[in-house]
Amino acid sequence: MRRRAVLRMLASSPVLAFAEVAGLVPVDNLLAQSTAPDVELALTAAPGEIPLLRGTPTHVWRFTGQLVRGATSTLQNLESSFLGPVIRLRRGQRVRIRFRNRLDEPSIVHWHGLDVPELADGHPRFAVARGAEYVYDFEVTNRAGAYWYHPHPHMRTAAQVYQGLAGLLLVSDSEEDALGLPSGEGELLCVLQDRRFDSNNQLVYASAAASGGMRAGRGRGRMGGMAQMMETMNGWLGDRMLVNGHVQPTVDVNRRTYRVRLLNASNARFYKLAWSDGSSMTVIGGDGGLLETARAQRTVTLAPAQRADVLLDLSSHARGSEVRLQSLAFPAADVGRGGMMGETSPLPQGAALTLMTLRVSGTQGPRFRLPDRLSTHDFHEAPRAPVRRVPLTFMQMNWFIDGRVFDMQDVADVETVSPGSTHIWEFVNQPGPMGMAMAHPLHLHGPQFRVLSRTGGMPNALRDGIADAGWTDTVLVLPGETVRIQVTFSKHQGLYLYHCHILEHEDMGMMRNFRIRS
Ligand SMILES: [Cu+2]
């Protein structure tokens, strides 16, 4: 038997899965006997401290990485940031990641956007306790693109990400190499987040007080329980903007073309991104890598978990000029809300924001000439694929997917599909009894999918910035809209998740399993 086949067999064995979860068998040792990975990392989640604001350092939870095997360029630490290291992988690499949990609560890591075997996907039922490890083995089959990683434990995803646990995972391949896109200093990685701080520079998060999850005395809100509940229902918003873990940074740039790789790693905030000088948002890629051709957009709408790959040409900008990355104002109602109470967050959805400032120096750098064609997509519409209608609703003070909420093991018949099968899922964002609805970014674990159509809904300021042009893993469904996606499910069998990526919604149960089974 070939070594790869042995690995697959081991990885899909239910006995091994149980043993691994129960910590009975050193699974990694078993696997190590059958094959050696191209890249091996250790990734540890632990409490830490970061000087974020003037004065007292901020307590955070953070991933730190160690390279065990592979090129030194695999891990890139972001300078004095709470974010995890940027993990750079190549398509085709076999990867082993040893996750070590040093938090006082269970956790597990999900590789957002990657199509990996069930045991490597980070389902909450695989969460490990403090002191325990979980070993991931997978092969990178995704196209080049900006993916990311974050915890996925039951009902604690929002709090753990908010405390700082997230990082970029960049995949490259030969198709992307051939373009010669700006790299090195010509590549600006921008992880967008919002946070709220107390007067002692500590993170404030609502449900921490309710669940007791955050360490005593740290970052507790002082609001009433009802207000906190409403905020959680609508998604927790911060009032300070962070890029790569820095509060509204100013970055010195040269007169050249930049590849700006944007990730919205906020729990709940939506961005309507634009450059302050009116420069075009030249979009070359989204969640699932490069588009076939570039698109010039005035704005880019980025819902939680979504990515955008954008070119910015500063080659003719004047020395000393500044370009700010902004989120333009839009009506809060365009995101919507689930509660009946008024706005309680200090900086509502749709407030005009400055995320970072680029300060142009006199140094001239290379200008990138955009090719007519960026990449080739192997996509064909499947008009005869089965259609599943998936209503998104607000009832009984909770968010539902097709009338159900999350249950660790539960899968409905309509949520069971065969490996490699193609389906059309139609997300219908139905206003509730009081007309209440919210924009939900729906994420499917596993392969990237395509948006076929977007209909209905009221005029919405966020719609202009939605491209629906390429491969995606998180589709924004605005209030009142019906969005059809075509998805070809993974060849890997097992239990996977689909959920809203407003992390408070996910933790409230706006998440379901789907099962891939032949
Ligand atoms: Cu949602």
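Residues numbered from 1 in each chain as written. Predicted model: local features only at pLDDT ≥ 70, side-chain atom pairs only at ≥ 80, totals over all residues. Heavy atoms only, no water.

Colleague: Sorry if this is basic, but what is going on with empty space enclosed by the protein here?
Modeller: Using a probe with the size of a water molecule, rolled over the atoms, empty space left in the structure can be pinpointed. A full pass over the atoms with the stated rule returns four cavities of 30 Å³ or more. For the largest cavity, the calculated volume is near 340 Å³. Taken together, 25 residues line the largest cavity, and the ones lying closest to its centre are Gly286, Gln306, Arg307, Ala467 and Asp468. Mapped by element, the contributors of at least two residues to the lining of the largest cavity are strand E16 (281–286), strand E17 (289–297), strand E18 (300–302), strand E19 (307–313), strand E29 (450–456) and strand E30 (474–477). (1 Å grid on protein atoms, 1.4 Å probe; cavity = no way out; pocket = protein on both sides within 12 Å on 5 of 7 lines; lining within 4 Å. Points joined across faces, edges and corners; volume = space filled by probe spheres on them. Helix = DSSP H or I, 4+ residues; strand = E, 2+ residues; numbered from the N terminus.)

Colleague: Looking at this structure, I do not really get the layout of surface pockets. What am I missing?
Modeller: Of the voids in this model, the largest pocket is the one considered here, and its volume is about 710 Å³. Lining of the largest pocket is provided by 25 residues; of these, Asp115, Pro447, Gln448, Trp471 and Thr488 occupy positions nearest its centre. With three residues, strand E31 (residues 481–488) is the single largest residue contributor to the lining of the largest pocket. Of the residues belonging to the lining of the largest pocket, the class tally is seven nonpolar, 13 polar and five charged. (Nonpolar A, V, L, I, M, F, W, Y, C, P; charged D, E, K, R; others polar.)

Colleague: I tried to follow the coordination of the copper ion on my own but got confused; where do I start?
Modeller: Expected angles at a metal are 109.5 degrees for tetrahedral coordination by four donors and either 90 or 180 degrees for octahedral coordination by six donors. Distances from the copper ion to its protein donors, namely His440 (ND1), Cys500 (SG) and His505 (ND1), fall within the range 2.0 to 2.1 Å. Ordering the donors of the copper ion by residue number gives the pattern H-x59-C-x4-H. Here histidine 505 falls in the buried class, since its relative accessible area comes to 0%. (Donors = N, O, S within 2.8 Å, 3.2 Å for Na, K, Ca; no water. Buried < 20%, exposed > 50% of the residue type's maximum accessible area, 1.4 Å probe, protein only.)

Colleague: When you look at the packing of aromatic side chains in this model, what are you seeing that I'm missing?
Modeller: Note on aromatic pairs: each is described by the distance of the centres and the angle between the planes. Across all of its chains, the model carries 17 aromatic pairs by this definition. Measuring from centroid to centroid gives 5.1 Å for tryptophan 111 and tyrosine 136, while their planes differ by 85°, and the two rings are edge-to-face. In this pair, tryptophan 111 is assigned in strand E6 (residues 109–112) and tyrosine 136 in strand E7 (residues 133–139), connecting sequence segments 25 residues apart. By relative accessible area, which is 0% here, tryptophan 111 ends up buried. Taken together, the aromatic side chains of Phe63, Phe99, Trp111, Phe126, Tyr134, Tyr136, Phe138 and Tyr149 make up a single cluster linked through ring pairs. (Phe/Tyr/Trp six-rings, centres within 6.5 Å; stacked < 30°, edge-to-face > 60°.)

Colleague: Would you take a moment to explain the environment of threonine 157 for this structure?
Modeller: Tracing the backbone shows threonine 157 in helix H4 (residues 157–162). Threonine 157 gets classed as buried once you look at its relative accessible area, which sits at 0%. It is 6.6 Å that separates the C-alpha atoms of threonine 157 and aspartate 507, two residues lying 350 residues apart in sequence. Beyond its immediate stretch of four places on either side in the chain, threonine 157 contacts His150, Pro151, His152, Leu503, Glu506 and Asp507. (Contact = heavy atoms within 4.5 Å.)

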